[in-house]
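Breakdown of the fold
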Amino acid sequence: QVQLVESGGGLVQAGGSLRLSCVVSGRTFGGYIMGWFRQAPGKEREFVAAISWSGDSLTYANTVKDRFTISRDNAKNTVYLQMNSLKPEDTAVYYCTADRSRWDRPNYWGQGTQVTVSS
């Protein structure tokens, strides 16, 4: 079993930055594809970013490309999402995810952290 715990959410003004963190426990962290999804009020959950277990393959949604950066520190069992130039439409609950082989349909999810961007 894999446990994912996110942190770093909060309230920020448009144009500001936040960094989300996700600590993984329960299994070998290095073997998992890690990702971030988000869900805004009244909308479906959507993919944000993913990173391979080695860190050399990155995938981003078009809506966040060039503003968000995903990274991981396997020694700390942690994955990060650096969010810059935040927009009100980035407001959502952000979920950390993990899976052995699929970045688009992950098997493990965290509880989520709220990010609110004010205009």
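So, here's what we can say about the structure. (Residues numbered from 1 in each chain as written. Predicted model: local features only at pLDDT ≥ 70, side-chain atom pairs only at ≥ 80, totals over all residues. Heavy atoms only, no water.)

1. Some thoughts on the pairing of strand S5 (residues 46–51)
Cut-off, in case you're wondering: In this scheme, a residue with accessible area under 20% of its type's maximum is buried, one over 50% is exposed, and one in between is partly exposed, where area comes from a 1.4 Å probe on protein chains only. Strands are runs of DSSP state E lasting at least two residues, helices are runs of H or I lasting at least four, and both sets are numbered from the N terminus onward. Any two strands with at least two DSSP-identified bridges between them are counted as paired.
The element S5 is extensively covered by neighbouring structure, given that five of its six residues are classed as buried. Examined bridge by bridge, strand S4 (residues 33–39) and S5 share five bridges and lie antiparallel to one another. Of the residues in S5, the one forming a bridge with Trp 36 is Ala 49. Here S4 folds back onto S5 in antiparallel fashion, the turn holding six residues, of which Gly 42 has a positive phi close to 75 degrees. Where S5 lies against strand S6 (residues 58–60), three bridges are found, and the strand directions are antiparallel. When the sheet's bridge partners are listed, Ala 49 is paired in S6 with Tyr 60.

2. A closer look at the pairing of strand S3 (residues 18–25)
Relative to S3, strand S1 (residues 3–7) runs antiparallel, the two being bridged by five bridges. By the bridge assignment for S3, Leu 4 is matched with Val 24.

3. Regarding the state of the cysteines
To be explicit about the condition: To count as a disulfide, a pair of cysteine sulfur atoms needs to be within 2.5 Å.
Under the defined criterion, the tally for this structure stands at one disulfide. With a sulfur-sulfur separation of 2.1 Å, Cys 22 is cross-linked through a disulfide to Cys 96. Where Cys 22 bonds to Cys 96 through sulfur, the torsion about that S-S bond is close to -85 degrees, and the disulfide is left-handed. Of this pair, Cys 22 sits in strand S3 while Cys 96 sits in strand S9 (residues 92–99), and the two are 74 residues apart along the sequence.

4. Overview of the sheet that holds strand S8 (residues 78–83)
Our working definition: Between the N-to-C directions of two axes lies an angle of 0 to 180 degrees, each axis being a line fitted to C-alpha atoms and, for a helix, fitted only over the stretch in contact.
With antiparallel pairing, four strands are arranged side by side in an open sheet as S1-S3-S8-S7. Each having just a single partner strand, S1 and strand S7 (68–73) make up the two edges of the open sheet. Within this sheet the neighbouring strands show an average axis-to-axis angle of 15 degrees, counted without direction.

5. Notes on the pattern of salt bridges
Two side chains of opposite charge can pair, provided their charged atoms sit close to one another. Rule in force here: A side-chain nitrogen of Lys or Arg and a carboxyl oxygen of Asp or Glu constitute a salt bridge if their distance falls within 4 Å.
Counted under the stated rule, the structure contains four salt bridges. In this structure, Arg 38 engages Glu 46 in a salt bridge whose closest nitrogen and oxygen atoms are separated by 2.6 Å. On the basis of relative accessible area, Glu 46 is assigned to the partly exposed category, the value being 34%. Ionic pairing is found between Asp 90 and Arg 67, a salt bridge with its closest N-O pair at 2.8 Å. A residue pair is termed long-range when its members are at least 10 positions apart, and Asp 90 in the loop between S8 and S9 and Arg 67 in the loop between S6 and S7 qualify at 23 residues. The two residues Asp 90 and Arg 67 agree in class, both being buried. Look at the salt bridges and you will find they share partners, linking Arg 38, Glu 46, Arg 67 and Asp 90 into a network.

No statement about biological role is implied by the geometric values presented.
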